[in-house]
Amino acid sequence: MDRKHDGAGRQQRGLVTAMARTIAGAMAGAAALMLGGCAGAGAPPISTAEVAAGLESYHLGAGDRVRVTVFNEPTLTGEYNITPGGALAFPLIGVVVAGGRTIDAVQQELTTKLAEGYVNDPRVSVEVLNYRPFYILGEVNRPGEYSYASGMTVEQAIARAGGFTYRANEKTVFLRRQTGKAESAVSLRSAQVAVLPGDTIRIGERYF
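Residues numbered from 1 in each chain as written. Predicted model: local features only at pLDDT ≥ 70, side-chain atom pairs only at ≥ 80, totals over all residues. Heavy atoms only, no water.

J.: When you look at the overall build of the protein in this model, what are you seeing that I'm missing?
T.: For the protein, the helix and strand inventory stands at four helices and ten strands. Along the chain direction, N to C, the helices and strands of the protein fall in the order α-α-β-β-β-β-α-β-β-β-α-β-β-β. Summing over all exposed atoms, the protein offers an accessible surface of approximately 12,400 Å²; the carbon and sulfur share of this is 55%. (Helix = DSSP H or I, 4+ residues; strand = E, 2+ residues; numbered from the N terminus. Areas by Shrake-Rupley, 256 points an atom, 1.4 Å probe, with all protein chains shown as cover.)

J.: Sorry, what's going on with the sheet that holds strand β9 (residues 184–187) here?
T.: Strand-to-strand pairing in sheets goes through backbone hydrogen bonds, with the strands running parallel or antiparallel. Read from one edge to the other, the open sheet built from five strands follows the order β7-β6-β10-β8-β9, with strand pairing classed as mixed. Sheet topology places β7 (144–146) and β9 at the edges, where each strand pairs with a single neighbour. Across this sheet, the average inter-strand angle for adjacent strands is 30 degrees, counted without regard to direction. The sheet contact formed by strand β6 (residues 134–138) and strand β10 (residues 200–203) spans four bridges and is parallel. Considered in β10, the bridge of Y135 is made with T200. (Pairing = 2+ DSSP bridges. Axes fitted to C-alpha atoms, helices over the stretch in contact; angles between N-to-C directions.)

J.: What is the right way to read the sheet that holds strand β5 (residues 124–130) from this model?
T.: The strand order β2-β1-β5 describes an open sheet built from three strands, whose pairing is antiparallel. The open sheet is flanked by β2 (78–81) and β5, the only strands paired with a single partner. The sheet shows a mean angle of 30 degrees between the axes of neighbouring strands, direction not considered. Sheet topology places strand β1 (residues 65–70) next to β5; six bridges connect them, and they run antiparallel. In the sheet register, V70 faces β5, and the bridge partner there is V124. Lying on the sheet, helix α3 (residues 103–114) is in contact with β1 and β5; it crosses β5 at an angle near 135 degrees. (Contact = heavy atoms within 4.5 Å.)

J.: I'm lost on the side chain of T165 in this one. Help?
T.: Relative to the assigned elements, T165 resides in the loop between α4 (154–160) and β8 (172–176). For T165, a relative accessible area of 12% corresponds to the buried category. A distance of 2.7 Å separates a polar atom in the side chain of T165 from a polar atom in the side chain of E139. Beyond its immediate sequence surroundings of up to four residues, T165 is in contact with E139, V140 and N141. (Buried < 20%, exposed > 50% of the residue type's maximum accessible area, 1.4 Å probe, protein only. Polar contact = N/O pair within 3.5 Å; in protein donor to acceptor, adjacent residues only side chain to side chain.)

J.: How do you make sense of unusual backbone geometry when you look at a structure like this?
T.: Look at N72: it is not a glycine, yet its phi comes out positive at around 65 degrees. Relative to the helices and strands, N72 is located in the loop between β1 and β2. Assessed through its relative accessible area of 69%, N72 is described here as exposed. Backbone geometry at D121 places phi at a positive 50 degrees, although glycine is not the residue there. Within the element layout of this structure, D121 appears in the loop between α3 and β5.

J.: Where do I start with the nonpolar core in this structure?
T.: Most often, soluble globular proteins have nonpolar side chains that are buried together. L60, V66, V68, F90, L110 and L114 are the most contacted members of the largest nonpolar core, which has 21 residues in total. The residues touching V66, leaving out its near neighbours within four places in the chain, are L60, G78, E79, Y80, L88, V126, E127, V128 and L129. Core analysis: the second largest hydrophobic core is formed by 18 residues, A157, I158, V173 and V195 among them. (Core = buried A, V, L, I, M, F, W, Y, C linked by side-chain atoms within 4.5 Å.)

J.: Quick question: what am I supposed to make of the pattern of salt bridges here?
T.: Where side chains of opposite charge bring their charged atoms close, a pairing between them can arise. If you walk through the whole model with that rule in mind, you get seven salt bridges. A salt bridge links E79 to R65; the shortest N-O distance between them is 3.1 Å. Linking E79 in strand β2 with R65 in strand β1, this pair joins segments that are 14 residues apart in sequence. A cluster of three or more residues bridged by salt bridges with shared partners is formed by R101, E109 and K113. (Salt bridge = Lys/Arg side-chain N within 4 Å of Asp/Glu carboxyl O.)

Following this line, the structure appears as structure tokens:
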């Protein structure tokens, strides 16, 4: 009888140990999920300046295609691509740095350089024909790269990507502007926020 009781005791202790391990594992998994959710939650809310940002403050970059018009100079007028290195190769004056600069700044540099012995009193106009794409990642049905459309909001971008998955956090998403490195949190219950070319939108998961 003592052997039977001893065996039963060891078996019971083994079951208790296994249950404890299972509970500990479940708690660790839950903690990991909570930490994962908090990682995105640490992003600061989008600033007023970023909400108000529009194409008037847009900075050119790789993938943009522009039309440069030099009035009364048809041989110089044409369409040009911004290279992956951010350069614009222009006749007569060579390479102009365009990446990371506003349209006005590039237009002024072209005007200044053409006036240096190439064109008398040059009048230059620069306009963007095709903007570079934006990106949407995470919990949407069709994440990926999308062509930019002027006036598009974050909500419209999500709809274009097939809407939220069932795991998505539908209250807050994260936006990284093409000019910045850090994400900002965007509440979908507040004012609409415009998407700009080159932006990255990330849709996180909900955990409760």
